[in-house]
Amino acid sequence: MIEGLRRVDGGWRILPNIATPTFVLRGAESIVTSAEGTADLSNGLPNREVQEIKGGSHMLLLEHPEEVAAAVRDFIRRHIVSNA
């Protein structure tokens, strides 16, 4: 992953040559990762899906484990399994 990042304007941008389907999940109430920061980071990915879980903070996996697991399973079914 680090090879796919470059520093821009004091932040990081993902290089557009990463074509692998990528799932970006954030808690909508996170004070660590903002919606704008998530968008800035993921906009460099051509095959991305961004999803927010309402009521979740940066501790999303601990707060909403079933919802996170369902979102990841759905992403895998739609993007990985269908391409195998």
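Structure: see above.
Residues numbered from 1 in each chain as written. Predicted model: local features only at pLDDT ≥ 70, side-chain atom pairs only at ≥ 80, totals over all residues. Heavy atoms only, no water.

**Topic: the pairing of strand β4 (residues 48-53)**
Part 1: Sheet topology note: the strand β3 (residues 22-27)/β4 ladder contains six bridges and is parallel. Paired with V24 across the bridge in β4 is V50.
Part 2: Read from β3 through helix α1 (residues 35-42) to β4, the crossover connection turns out right-handed. (Pairing = 2+ DSSP bridges. Helix = DSSP H or I, 4+ residues; strand = E, 2+ residues; numbered from the N terminus. Right-handed = clockwise from strand over helix to strand, strands pointing away.)

**Here's the deal with the side chain of S30**
Part 1: Looking at where S30 falls in the secondary structure, it is placed in the loop between β3 and α1.
Part 2: Note on S30: relative accessible area 10%, which makes it buried.
Part 3: Discounting residues that sit within four places of it in the chain, S30 has contacts with G56, S57 and H58. (Buried < 20%, exposed > 50% of the residue type's maximum accessible area, 1.4 Å probe, protein only. Contact = heavy atoms within 4.5 Å.)

**Observations regarding the packing of aromatic side chains**
Part 1: In total, this model carries one aromatic pair according to the counting rule given.
Part 2: Residues F23 and F75 carry aromatic rings whose centres are separated by 4.9 Å and whose planes lie at 15° to one another, so their mutual orientation is stacked. On the criterion of sequence distance, the pair formed by F23 in strand β3 and F75 in helix α3 (residues 65-80) is long-range, its members being 52 residues apart. Take F23 and F75: they sit in the same class, and that class is buried. (Phe/Tyr/Trp six-rings, centres within 6.5 Å; stacked < 30°, edge-to-face > 60°.)

**Observations regarding the pattern of salt bridges**
Part 1: Across all of its chains, the model carries three salt bridges by this definition.
Part 2: Notably, a salt bridge pairs E52 with R26, separated by 2.4 Å at the nearest N-O pair. Placement of E52 in strand β4 and of R26 in strand β3 is noted, with a sequence separation of 26 residues between them. (Salt bridge = Lys/Arg side-chain N within 4 Å of Asp/Glu carboxyl O.)

**Quick look at the environment of T33**
Part 1: Mapped onto the secondary structure, T33 falls in the loop between β3 and α1.
Part 2: Sequence separation of T33 and H58 is 25 residues, and the distance between their C-alpha atoms is 7.1 Å.
Part 3: Those residues within four positions of T33 in sequence are excluded, and the remaining contacts are R26, T38 and H58.

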